[in-house]
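# An overview of the molecular structure
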Amino acid sequence: MPEGDAVYRTAARLREALDGRVLTRSDFRVPRHATADLTGRTVLTTVSRGKHLLTRVEGGLTVHTHLRMDGRWRVGPAGRGPRGGPYGGGGDTVRLVLANAEWEAVGIRLGMVDLLRTDDESRVVGHLGPDLLGADWDPDEAVRRLREDPARTIGEALLDQRNLAGIGTIYRAETLFLRGVWPWRAVGDIADVEGIVTLAHRLLDANKAHAGTVTTGDRRPAAQTWVYGRAGRPCRRCGMRIRRGEMGAQAQERLILWCPGCQPP
């Protein structure tokens, strides 16, 4: 699933193509909004909120989208259409098209597509905790929310978007490795929750302007991460084999990687 930094970059691409321009086409390919038409309305802006995207248009309306596991937005010159080329075909499912005279934004395999009043945005993002890449990022509030359930494992708590918004399996694994914290440790047993939150913010912020996730400081393809994507390989620090497992309630398990030497129980 794209994490907060990837969604942040997607919002930037959509702003560049759509902001301040009048829509010449809007095509909602979801049953709930199949008859909706935003043609003639000016796009005001697109903002990211954790892993959510909010595209605001004049008239007090917001298009809310979420990429889920494999959704994406493709932006290109207007008139090329959503079928074929980079915009569709090959099994891709187009869920939404927003276009103006110059650019076309095509939402492919989007996990969520909603059209709602801008005043009602809290209905879809109001449950989220502080946004790691938001202008109003509040680390103290994120720490407070994490500590509200001291018996919960830190690995599960970090992925709960109600605590802090934007972190996913990659940044969870990398943050906990760099802090030397075993993923199954209870939040209440961790003295420096603030350090974990601060580091997660630093990692996402450092990667928000470029594609890819680099936590080691080395941008070479095989050297970018400490544990993520390295199951069974030697730890870059201690040499022990990186382990891979799953965390979370049944049917909601998510991938977790850790080093048993650098992150002991």
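Scoring rules and cut-offs
- Sequence order as written defines the numbering, with residues in each chain counted from 1.
- Two thresholds apply to this predicted model, a pLDDT of at least 70 for residue-level local features and 80 or more for giving and counting side-chain atom pairs, whereas whole-chain, interface and lining totals are computed over all residues.
- Hydrogens and water are ignored here; the side-chain numbers use all heavy atoms of the structure.
- Helical segments are the DSSP runs of H or I of at least four residues, strand segments are the runs of E of at least two, and each set is numbered from the N terminus.
- With C-alpha atoms as the basis for the radius of gyration, the globule rule is written as 2.2 Å multiplied by the number of residues raised to the power 0.38.
- We call a residue buried when its accessible area falls under 20% of the maximum for its residue type, exposed when it is over 50%, and partly exposed in between, using a 1.4 Å probe and counting protein chains only.
- Any pair of residues with heavy atoms lying within 4.5 Å of one another is described as a contacting pair.
- We get accessible surface area from the Shrake-Rupley algorithm with a probe of 1.4 Å; when it comes to residues, only the shown protein chains can shield them.
- When charges are counted, Lys and Arg contribute as positive and Asp and Glu as negative, whereas His and the chain ends are disregarded.
- Here the site of a charge means NZ on Lys, CZ on Arg, CG on Asp, or CD on Glu.
- Strand pairing requires that DSSP identify at least two bridges connecting the strands.
- Orientation is described by axes fitted as lines to C-alpha atoms, over the contacting stretch for helices, and by angles from 0 to 180 degrees between their N-to-C directions.
- Note on terminology: angles under 35 degrees are roughly parallel, angles over 145 are roughly antiparallel, angles of 65 to 115 are roughly perpendicular, and the others are oblique.
- It is the rotation of the near helix from the far one that decides the hand of a crossing: anticlockwise by less than a right angle makes it left-handed, clockwise makes it right-handed.
- By definition here, a salt bridge exists when the distance from a side-chain nitrogen of Lys or Arg to a carboxyl oxygen of Asp or Glu is within 4 Å.
- Residues are grouped as follows: Ala, Val, Leu, Ile, Met, Phe, Trp, Tyr, Cys and Pro are nonpolar; Asp, Glu, Lys and Arg are charged; all remaining types, including Gly, are polar.

### Describing the overall build of the protein chain
Per the secondary structure count, the protein chain includes six helices and ten strands. A globule of 265 residues ought to have a C-alpha radius of gyration of about 18 Å, and the protein chain, at 20 Å, matches this closely. Considered along the principal axes of its C-alpha atoms, the protein chain spans approximately 60 × 35 × 35 Å. When each of the 265 residues of the protein chain is scored for burial, the buried share is 50%. Sequence separation of at least 24 residues holds for 60% of the intrachain contacts in the protein chain that already meet a minimum separation of 6. As displayed, the protein chain offers around 12,200 Å² of accessible surface, 48% of which is attributable to carbon and sulfur atoms. Taking the average location of the 40 positive side-chain charges in the protein chain and that of its 32 negative ones, the two points are 6 Å from each other.

### Looking at the sheet that holds strand E3 (residues 52–57)
Here we have four strands laid out as an open sheet, ordered E2-E3-E4-E8, and antiparallel in their pairing. Two strands lie at the open edges of the sheet, namely strand E2 (43–49) and strand E8 (112–117), each paired on one side alone. Within this sheet the neighbouring strands show an average axis-to-axis angle of 20°, counted without direction.

### Section: the packing of helix H3 (residues 139–147) against helix H6 (residues 193–207)
The angle between the axes and the distance between the axes are what describe a pair of packed helices. Viewed as axis vectors pointing N to C, H3 and H6 meet at an angle of 125°, and their least axial separation amounts to 10 Å. Here H3 lies oblique to H6, going by the angle between them. As for the relative orientation of H3 and H6, their crossing is right-handed in sense. Across the interface between the two elements, Pro139, Ala142, Val143, Leu146 and Arg147 from H3 touch Val193, Glu194 and Val197 from H6.

### Overview of helix H5 (residues 169–179)
Extensive coverage of H5 is indicated by the burial of nine of its eleven residues. Within the span of H5, buried status applies to Thr169, Ile170, Tyr171, Arg172, Ala173, Glu174, Thr175, Leu176 and Phe177. Buried residues along H5 sit against helix H1 (4–18), helix H4 (154–159), H6, strand E9 (243–247) and strand E10 (254–258). Looking at the residues trailing H5, positive phi occurs at glycine 180, about 70°.

### Considering the pattern of salt bridges
Using the criterion set out here, one finds 17 salt bridges in the structure. Of the charged contacts, one joins glutamate 141 and arginine 144 as a salt bridge, the two residues approaching to 2.7 Å between their closest N and O atoms. You can see glutamate 141 and its partner arginine 144 sitting in helix H3, three residues apart, about one turn around the helix. With a shortest N-O distance of 2.6 Å, glutamate 148 and arginine 144 are connected by a salt bridge. Arginine 144 sits in the partly exposed class, given a relative accessible area of 40%. Linked through salt bridges whose partners overlap, the residues forming this network are Arg25, Asp27, Arg29 and Glu104.

### As for the packing of H5 against H6
Packing of H5 against H6 leaves a shortest axis separation of 10 Å and a crossing angle of 125°. Between H5 and H6, the crossing angle belongs to the class labelled oblique. Crossing of H5 over H6 shows right-handed handedness. Contacts between H5 and H6 involve Tyr171, Glu174, Thr175, Leu176, Leu178 and Arg179 from the first element and Gly195, Ile196, Leu199, Ala200, Leu203, Leu204 and Asn207 from the second. For the contact of H5 with H6, the class distribution of residues is eight nonpolar, three polar and two charged.

### Looking at the sheet that holds strand E6 (residues 94–99)
Ordered in space as E1-E6-E7-E5, the four strands form an open sheet in which the pairing is antiparallel. Two strands bound the open sheet, and with one partner strand each, they are strand E1 (25–28) and strand E5 (72–77). Strand-to-strand twist of the sheet, defined as the mean angle between neighbouring strand axes without regard to direction, takes the value 15°. Relative to strand E7 (residues 103–108), E6 runs antiparallel, the two sharing five bridges. In the strand pairing of E7, leucine 98 is matched with alanine 105.

### Topic: the environment of tyrosine 228
Along the polypeptide, tyrosine 228 turns up in the loop between H6 and E9. Residue tyrosine 228 is classed as partly exposed on the basis of its relative accessible area, which comes to 25%. For the pair tyrosine 228 and threonine 39, spaced 189 residues apart in sequence, the C-alpha separation works out to 43 Å. For tyrosine 228, the contacting residues outside a window of four places in its chain are Thr169, Ile170, Ala173, Glu174, Leu255 and Leu257.

The quantities given are spatial measurements derived from coordinates; they are silent on function.
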